[in-house]
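Each chain is listed here by its residues.
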Number of protein chains: 2
Amino acid sequence: MELVTIADIEAAAKRVEGVAVRTPLLFQTWDPRGSLWLKPENLQPIGAFKLRGAFNAVASLDDAARARGVVTYSSGNHAQAVAYAARHFGVPAVIVVPDIAPRVKVEATRAYGAEVVQVPIDEHEAKAHELAAARGLTLVPPFDHPAIIAGQGTAGLEIAEDLPDVEVVLVPVSGGGLASGVGAAIRARCPRARVIGVEPELAADATEGLRLGHRVDWPTADRARTIADGLRAQPSDLTFAHLREVVDAMVTVTEDEIRDAIRVLALRARLVAEPSGAVTTAAYLSRAAELPPGRTVALVSGGNVDPALLGSLLA
Amino acid sequence: MELVTIADIEAAAKRVEGVAVRTPLLFQTWDPRGSLWLKPENLQPIGAFKLRGAFNAVASLDDAARARGVVTYSSGNHAQAVAYAARHFGVPAVIVVPDIAPRVKVEATRAYGAEVVQVPIDEHEAKAHELAAARGLTLVPPFDHPAIIAGQGTAGLEIAEDLPDVEVVLVPVSGGGLASGVGAAIRARCPRARVIGVEPELAADATEGLRLGHRVDWPTADRARTIADGLRAQPSDLTFAHLREVVDAMVTVTEDEIRDAIRVLALRARLVAEPSGAVTTAAYLSRAAELPPGRTVALVSGGNVDPALLGSLLA
């Protein structure tokens, strides 16, 4: 299987420049180990790294295909990212969302000008394919595509530029697009650094799969137990092949460790993180014994948190 | 009176490089007016812009003076900024804090290795001068010094670099060091932009003073009414002279407008702001009719908020 290259990621970096924020690395002075930098991808325009991949995918289309429009299936940050990218180019976007999606996320997607189609959750991927065929739209999948992986990898390129002697990079793993891209960039630019994937214990299918050497399926209901709603997907063949190549180890974190990390990020780093965005900080804080020592970057992947959850963790 | 120049600010920018974070401008896509960028100074190492001025002041000392150490009076972000800067250079720092200062802030200052001296609030400035004389320490005041103003001005320089066609810059006013420095940088680099100072209605002494053309004193107890605890100071002769020169207008905001802005910053911008850091966003959101139209930067000055306050605004 052909993997995304550093040249693909460099090309993506040119495309996303000026649209994705060049997020700074934030050294954390309160940390007694003195070796933590945060990469705050929650500060991207739609509140998550997803903009990098979605924008790269839409920007990579030829003009005729792009003009016909794009379609995706997602209830989360990828939906908003595709809607945002399509609006940037002034082309139609159709987002298929499960009918159980929170109304606030549906409204946010509509606010970017996208057409939202709601269907039962087990039909939403099929419906997107159907709409693509019927209307001539291009499907922009959440992670299973080289352009998505290359786009997400631009965050890794920036880490390598800003902290060339980084020793450990912590990155969340769900469908694996982010970890694949960031891992590929770090491998190429900082070959001595270790790339560690982080999953919630309750959705640790990639951890199990990488240990066994092949993809495993966890029941949807099991993966739905974690509050990290952005980490309930599973790698595809394409992303799994990347993870095997560019991720050195996996670490899992508990739900309580995720909650603690959200609180620490808000009060010490002054960053609002969603549960999925806090798992890397949770690993750094609670799983030090399982991590290599040294200069560590924890990628904070997103900040679209339920206000009541955040409030309850602070009060 | 001699005012800080753009050359002073450029020299300060060289000194703070690599210590202060080069904070990005964050365009806010949720804003229906589509003209808001945030400058997130809450992401500085100590959680506030204060690091810029304090570090510039300590870095500007000659080696012998710096080696003897520094002293300041503050219970807030300036205290931590001076402690952090002194630790960077490995020199002693003594921070005089009022005995009513919150323990959490005292502990944060001690954590940076500073010696903390607690005295009654009406003695803390005098005590700092006394310690400076007795121990040969250099006093690093919170705002009344050209090196502090020039250091704070580096935030303005970055705004001008990142958004050269900025039309409106919103900056909080308390002692006036930040507004003086940012205003001087914007005047020099973006002469067509308007610099607007923002105060809480309950501590609007600079607004009144600029209208009257001379400094006015508000009773401490009056200024203490606002939740924006970082905006209770008053300009000095030096900063007031700058404000008259580089601030085009003042806007005041209510306590409720500040609270709303903290909530919006957390949920839409994913930034934790303290009340003082939220006043500029409050002005943009609630006082549009009093502001010039156009591309606007709101400087979010700090993020050291009381967790219970933040929690209560989200729950």
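Residues numbered from 1 in each chain as written. Chains lettered and ligands numbered in written order. Predicted model: local features only at pLDDT ≥ 70, side-chain atom pairs only at ≥ 80, totals over all residues.

*Asks:* How would you sum up the overall build of chain A? Please name residues and give values.
*Replies:* A tally of regular secondary structure across chain A gives 14 helices and ten strands. When its C-alpha atoms are laid out on the principal axes, chain A stretches across 55 × 45 × 40 Å. When the 315 residues of chain A are sorted by exposure, 57% land in the buried category. Summarising the internal contacts of chain A: among those between residues at least 6 apart in sequence, 76% fall at separations of at least 24. (Helix = DSSP H or I, 4+ residues; strand = E, 2+ residues; numbered from the N terminus. Buried ≥ 20, exposed ≤ 12 C-beta atoms within 10 Å, placed from the backbone. Contact = placed C-beta atoms within 7 Å.)

*Asks:* I'd like to hear about the interface of chain A and chain B, residue by residue, with values.
*Replies:* Facing the 26 residues of chain A at the interface are 26 residues of chain B. Of all the secondary structure elements, the ones that give two or more residues to the side of chain A that touches chain B are β1 (26-27), α12 (255-267) and α14 (307-314) of chain A. Considered class by class, the residues forming the side of chain A that touches chain B number 17 nonpolar, seven polar and two charged. (Nonpolar A, V, L, I, M, F, W, Y, C, P; charged D, E, K, R; others polar.)

*Asks:* Got a sec to walk through the packing of helix α1 (residues 6-16) of chain A against helix α2 (residues 50-60) of chain A? Specific residues and values, please.
*Replies:* All names here are of chain A. Between α1 and α2, whose axes approach to 9 Å, the crossing angle comes to 90 degrees. Here α1 is positioned roughly perpendicular relative to α2, judged by the angle of their axes. Of the residues in α2, those in contact with Ala 12, Arg 15 and Val 16 of α1 are Arg 52, Phe 55, Asn 56 and Ala 59. Here the contact of α1 with α2 is composed, by residue class, of four nonpolar, one polar and two charged. (Axes fitted to C-alpha atoms, helices over the stretch in contact; angles between N-to-C directions. Parallel < 35°, antiparallel > 145°, perpendicular 65-115°, else oblique.)

*Asks:* Residue-level account of the domain arrangement of chain A, with values.
*Replies:* Residues and elements named next belong to chain A. The assigned domain composition of chain A is domain 1 (6-48 + 145-314) and domain 2 (52-139). Look at where the C-alpha atoms of domain 1 and domain 2 centre, and you get two points 24 Å apart. Each side of the interface is counted separately: domain 1 has 22 residues, and domain 2 has 13 residues. Those elements giving two or more residues to the side of domain 1 that touches domain 2 turn out to be α1 and α7 (146-162). The element that contributes the greatest number of residues to the side of domain 1 that touches domain 2 is α7, accounting for seven residues. Its residues placed into classes, the side of domain 1 that touches domain 2 shows eleven nonpolar, nine polar and two charged. (Domains from an automatic or database assignment.)

*Asks:* Describe in detail the nonpolar core, supporting the description with residues and values.
*Replies:* Membership of the largest hydrophobic core comes to 208 residues, with the highest contact counts inside it found for A:Val82, A:Val169, A:Leu170, B:Val82, B:Val169 and B:Leu170. Contact partners of B:Val82, with chain neighbours within four places excluded, come to B:Ala54, B:Val70, B:Thr72, B:Ala93, B:Ile95 and B:Val140. (Core = buried A, V, L, I, M, F, W, Y, C linked by C-beta atoms within 7 Å.)

*Asks:* Could you give an account of the sheet that holds strand β7 (residues 168-172) of chain A, with specific residues and numbers?
*Replies:* Residue and element names in this part refer to chain A. Judged by pairing direction, the sheet is mixed, and its six strands sit side by side in the order β1-β2-β10-β7-β8-β9 without closing on themselves. The open sheet is flanked by β1 and β9 (249-253), the only strands paired with a single partner. Bridging between β7 and strand β8 (residues 194-200) involves five bridges; their strand directions are parallel. Among the inter-strand pairings, Val 169 is bridged to a residue of β8, identified as Val 195. Docked against the sheet, helix α8 (residues 177-189) engages β7, β8 and β10 (296-300), running at close to 165 degrees with respect to β7. Sitting on the sheet, helix α9 (residues 205-212) touches β8 and β9, and the angle it makes with β9 is about 150 degrees. (Pairing = 2+ DSSP bridges.)

*Asks:* Could you give me a rundown of the sheet that holds strand β5 (residues 115-119) of chain B, with the residues and numbers involved?
*Replies:* The pairing of strands in a sheet happens through backbone hydrogen bonds and is either parallel or antiparallel. Residue and element names in this part refer to chain B. A sheet is described by the order of its strands in space; here four strands give the open sequence β5-β4-β3-β6, paired in parallel fashion. Lying at the two open borders of the sheet, with one neighbouring strand each, are β5 and β6 (138-139). Relative to β6, strand β3 (residues 70-73) runs parallel, the two sharing two bridges. Following the sheet pairing, Val 70 is matched in β6 by Thr 138.

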